[in-house]
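Summary of the model geometry
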Amino acid sequence: MNILVINAGSSSLKYQLIEMKNEKVIAKGNCERIGIDGRIAHSAFDGRKFEEDCSFPTHTEAFEKVVYALTKSSAAVISSMDEINAVGHRVVHGGEFFSKATKITDEVINKIDELKEFAPLHNPAHALAMRACNKVIPATVPQAAIFDTAFHQTIPDFAYIYGLPYECYDKYGVRKYGFHGSSHRFVGACLAEKTGRNLRSMKIVSCHLGNGSSITAICNGKSIDTTMGFTPLDGVLMGTRTGALDPSVVTYIQKKTQMSPAQIEDYMNKKSGMLGIGGFSDNREITEAANKGDTRAILATLILRYGIKKYIGAYAAAMGGLDVVIFTGGIGENAFDIRRDVCLDMEFFGIDFDVEKNAQPATRGNFTKLTKEGSRTEVWIVPTNEELMIARDTKELFF
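Here's what I pulled together on the structure shown here. (Residues numbered from 1 in each chain as written. Predicted model: local features only at pLDDT ≥ 70, side-chain atom pairs only at ≥ 80, totals over all residues. Heavy atoms only, no water.)

1. Thoughts on the sheet that holds strand β8 (residues 143-147)
For sheets, the rule is that strands pair by backbone hydrogen bonds, running either parallel or antiparallel. This is how the line gets drawn: In this description, strands pair whenever DSSP reports at least two bridges between them. Numbering goes from the N terminus for both helices and strands, where a helix is a DSSP run of H or I of at least four residues and a strand is a run of E of at least two.
Strand order in this open sheet of eight strands is β5-β4-β3-β2-β1-β6-β8-β7, and the pairing throughout is mixed. Of all strands in the sheet, those with a lone pairing partner are β5 (49-53) and β7 (102-103), marking the two edges. For strand β1 (residues 2-8) and strand β6 (residues 86-91), the ladder comprises four bridges, and the chain directions are parallel. Bridge assignment links Ile 3 to a residue of β6, and that residue is Ala 86.

This is how it looks when you write it as C-alpha cells:
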C-alpha cells in the first residue's frame with residue numbers, strides 16, 4: 001500500500017510517498033516558488049534525483065509535475081498514479097470543527113478555507129492544494145485531511161478558555177487551539193511502543209523544539225495542555241516569534257511606533273524571538289555567538305532554556321506527576337546543551353540525568369534514553385515523523 005503525504009504552503013508543495021507495509025519513504029520532494037517561477041527537487045529511495053526549473057503558476061501545475069516525477073522522470077518509483085492508494089494532506093488549523101482525520105469532500109475543503117482567519121498563511125494554501133490535487137489525482141483515490149490542531153481538542157475548557165468576555169469565544173472562536181499535534185502524538189505513541197509501556201497510563205511532557213516550538217502535557221494518551229495558543233505565537237521563545245508575553249505589550253508598542261495591526265503581527269512573528277534578542281534565528285548560530293561571549297545571544301539561550309524548564313514544571317503539576325520528558329524536533333533531537341541545561345537540577349522531579357550520554361554524538365537525532373538506570377522520571381530523545389503519522393492516520397481512516 002502506497003500513501004502520498006502532502007504538506008502544502010502558499011508557494012510550496014512538499015510530498016512523501018510512503019510504502020506502508022514497511023513504512024518506508026520511497027520518494028520525496030518539494031515544489032518551490034509556486035506562483036513565481038518554480039522548481040522541483042525530487043529524490044527516490046535508491047538515491048536517484050530529478051530536479052528541474054518549471055513554470056508553476058498555481059498548485060495544479062505543481063501537482064502535475066509531482067505526478068511526472070513519481071511516474072515518468074529519471075527518478076520515477078511507480079508506473080502510474082493507480083499505484084497510490086490514498087492521499088493524506090497536512091492541515092494546520094481545524095478549529096473546533098475537526099478533531100480527527102477526515103475524508104476530503106468539497107464541503108470539507110470549503111470549511112478549511114473558511115478557517116483561514118485563524119491560519120491565514122496556511123489554510124488557504126491547504127485548500128488550494130486540495131482543489132488542485134482533485135484535478136490531477138484519480139477520483140478513485142481517497143484523500144484525507146489531517147489536522148495539527150486535532151490532537152489538542154481533548155484539552156479541557158478551563159485550560160483553553162482565555163480570561164476575556166465569554167462572547168469572544170462564543171462569537172469569534174477565540175481560545176487556545178495548539179499546534180504540532182501530529183508530532184506530539186507520534187512521539188508519545190512511539191515511546192510507548194518502543195519501551196513496551198501503556199501510553200494510556202503515562203504522564204508525558206513532550207518538547208517539540210525547532211524554529212517553531214511547543215510543549216505539550218500528554219496525560220494518559222491525551223493532550224491536556226500545550227504552550228501554543230490561539231496562534232503558534234504563544235509559548236516559549238522561538239526562532240523569530242516572541243513566545244508568551246503580556247497582551248498590553250502589543251498595544252503599548254503600537255502606540256509608540258504607530259504600527260498597524262498587520263505590521264505588529266509581522267513584528268512579533270518574524271522579527272522577534274531569538275532573532276530579535278540575539279541577532280540570529282537559527283539555534284546553531286545563536287549557540288556559536290553565545291560561546292564567543294555575545295551577551296545578547298547568551299540572553300536568548302537563557303530565556304529559551306528557562307521557558308522550557310518552567311513549562312515542564314507547570315505541566316507536571318497539572319498532570320499530578322511526571323513519568324517521561326521527550327525532546328523532539330530539530331533542536332530537541334540535536335542540541336545536547338539545551339537538553340542538559342533544562343534537565344539538570346531537576347532531581348526533585350525524579351530526573352537523574354546522564355550528562356555524559358547526552359553529550360555523545362550518537363544521540364543526535366536518535367531514539368535515546370538520557371537518564372540513568374533507576375531514574376524515577378525518564379528523559380528521552382524521540383525523533384519525530386509527522387509525515388508518517390499523517391500516513392498512518394490516512395490508512396486508518398480508509399483501510
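2. Remarks on the environment of Ser 74
Short version of the rule: Contacts: residue pairs with any heavy atoms within 4.5 Å of one another.
Mapped onto the secondary structure, Ser 74 falls in the loop between α1 (59-71) and β6. Considering only alpha carbons, one finds Ser 74 and His 180, 106 residues apart in sequence, at a separation of 35 Å. Excluding its chain neighbours within four sequence positions, the residues that come into contact with Ser 74 are Arg 48, Lys 49 and Phe 50.

3. Things to note about the pattern of salt bridges
Two side chains that carry opposite charge are able to pair once their charged atoms sit near each other. To be explicit about the condition: Here, a salt bridge means any Lys or Arg side-chain nitrogen found within 4 Å of an Asp or Glu carboxyl oxygen. Exposure classes here rest on a 1.4 Å probe applied to the protein chains alone. A residue is buried below 20% of its type maximum, exposed above 50%, and partly exposed in between.
For the coordinates displayed, the defined rule picks out 22 salt bridges. Of the charged contacts in the structure, one is a salt bridge between Asp 113 and Arg 131, with a shortest N-O distance of 3.5 Å. Remark: Arg 131 occurs in helix α3 (residues 123-136) and Asp 113 occurs in helix α2 (residues 106-114); sequence separation between them is 18 residues. What makes Arg 131 partly exposed here is its relative accessible area of 33%. With a closest N to O distance of 3.8 Å, Lys 271 and Asp 266 form a salt bridge.

Function cannot be inferred from these measures alone, as they are strictly geometric.
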